[in-house]
Amino acid sequence: MNRKSLIALAVLAMSAVAAQAAGKLNVETTTEDLAALAREVGGDKINVDAIAKGYQDPHFVEAKPSFLLKLQKADLLAVVGLQLEIGWLPPLQTQSRNAKIQVGGSGYLDMSHFCQVLEIPTGQVSRAMGDVHPLGNPHYWLDPQNGRRIAKAFADRFAQMDAADAAYFQQRYQDFDQRLSTAEKGWEAKMAPYKGRKVVTYHRSWPNFCDRFGLVVVDYVEPRPGIPPTPSHTLELINTMKAQNIKLVLIEPYFDRKTPDSVARAVGGDVAMLMPSVGGTKEVTTYFQLFDYDINLLVSLFQKYK
Ligand SMILES: [Zn+2]
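Residues numbered from 1 in each chain as written. Predicted model: local features only at pLDDT ≥ 70, side-chain atom pairs only at ≥ 80, totals over all residues. Heavy atoms only, no water.

Draft legend 1. View of the packing of helix α2 (residues 32–42) against helix α5 (residues 144–161). Where α2 contacts α5, the two axes come as close as 9 Å, and the packing angle between them is 55 degrees. Accordingly, the angle class assigned to the pair α2 and α5 is oblique. Between α2 and α5 lies a crossing whose hand is right-handed. In this structure, α2 contributes Leu34, Leu37, Ala38, Val41 and Gly42 to the contact, and α5 contributes Gly147, Ile150, Ala151, Phe154, Ala155 and Phe158. Residues that form the contact of α2 with α5 fall into these classes: nine nonpolar, two polar and no charged. (Axes fitted to C-alpha atoms, helices over the stretch in contact; angles between N-to-C directions. Helix = DSSP H or I, 4+ residues; strand = E, 2+ residues; numbered from the N terminus. Parallel < 35°, antiparallel > 145°, perpendicular 65-115°, else oblique. Left-handed = near helix turned anticlockwise from the far one by under 90°. Contact = heavy atoms within 4.5 Å. Nonpolar A, V, L, I, M, F, W, Y, C, P; charged D, E, K, R; others polar.)

Now the structure itself:
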């Protein structure tokens, strides 16, 4: 970079700082999980709002005009990435005419770049095949270690955008990190007796969660991510579950229960409706409550099937 463009960049950065000094950073996130983590580190120095609600399937969100207004005034847009939002976010970004939040803009933050991503395909995968996870599994926030990485990325970006409050953001991150470490010890202790338990899940929402807490996902109700159940696959699933004595089908709140219910009935087991996101149910309003809810529910069901 030459001297002239460096100066231009510095001027740009200073004007951004001056603009921010006037008020709080306006942070828009695509999901409530990202918003919850932004709130942990941003405290009262930011305004934060999520586009998709936690009870909605984040792959398929109906774009509303109100989303545009939110994006127009955003200083920062944080996304999950890995094409999770590809079905609804890009046109909103374009129509917002907010240059900062376009891909690669100064106010665009793709959290997948900071996290451990599982199930990265090795061969050719295209969305034409119906697979909604073509770049790897986008449900990575369900491992607290990734939650920690997201929080750190927020703290660093907030500190960059609002240098006057940099110490505040880093302090809040340190505090969050400590509280999360304590909570993780509790969650791990609760799940330890069930290490190696096999489960079936509706969608591939849980690989990070299951890896972290020692569960084994054997199969899925969906034949492929994003493809609804088929009779032949459902029959195979029931046979697999019977053969391996698997009793639990984990589902997300936004899927039709018909197939999972019939599978659970056929194997004499249960459907467990776990929360994949903050806001999935009214008791889950923080990142901590998300794991509290899911782990308590799982433990109660694992105890039922010794
Ligand atoms: Zn998915």
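Draft legend 2. Expanded view of the nonpolar core. Core analysis: the largest hydrophobic core is formed by 61 residues, its most contacted members being Val27, Ile150, Phe154, Phe158, Phe209 and Leu298. The contact partners of Val27, leaving out residues within four places of it in the chain, are Ala38, Ile46, Asn47, Val48, Asp49, Leu76, Phe154 and Phe158. In this structure, Val200, Leu237, Ile246 and Phe255 belong to the second largest nonpolar core, which totals 15 residues. (Core = buried A, V, L, I, M, F, W, Y, C linked by side-chain atoms within 4.5 Å. Buried < 20%, exposed > 50% of the residue type's maximum accessible area, 1.4 Å probe, protein only.)

Draft legend 3. Structural view of empty space enclosed by the protein. By the definition in use, this model includes one cavity of 30 Å³ or more. Roughly 40 Å³ of volume is contained in the largest cavity. Lining the largest cavity are Thr31, Glu32, Asp33, Ala52, Lys53, Gly54, Gln56, Pro58 and Ser277. (1 Å grid on protein atoms, 1.4 Å probe; cavity = no way out; pocket = protein on both sides within 12 Å on 5 of 7 lines; lining within 4 Å. Points joined across faces, edges and corners; volume = space filled by probe spheres on them.)

Draft legend 4. Structural view of the sheet that holds strand β3 (residues 76–79). As summarised here, the arrangement of the four strands in space is β2-β1-β3-β4, forming an open sheet in which the pairing is parallel. The open sheet has two free edges, formed respectively by β2 (46–50) and β4 (108–110), since each of these has just one partner strand. Going across the sheet, the axis of each strand differs from the next one's by a mean of 20 degrees, ignoring polarity. Looking at chain direction, strand β1 (residues 25–29) and β2 are connected through five bridges and run parallel. Of the residues in β2, the one forming a bridge with Leu25 is Ile46. Across the sheet, α2 is in contact with β1, β2 and β3; its angle to β2 comes to roughly 170 degrees. (Pairing = 2+ DSSP bridges.)

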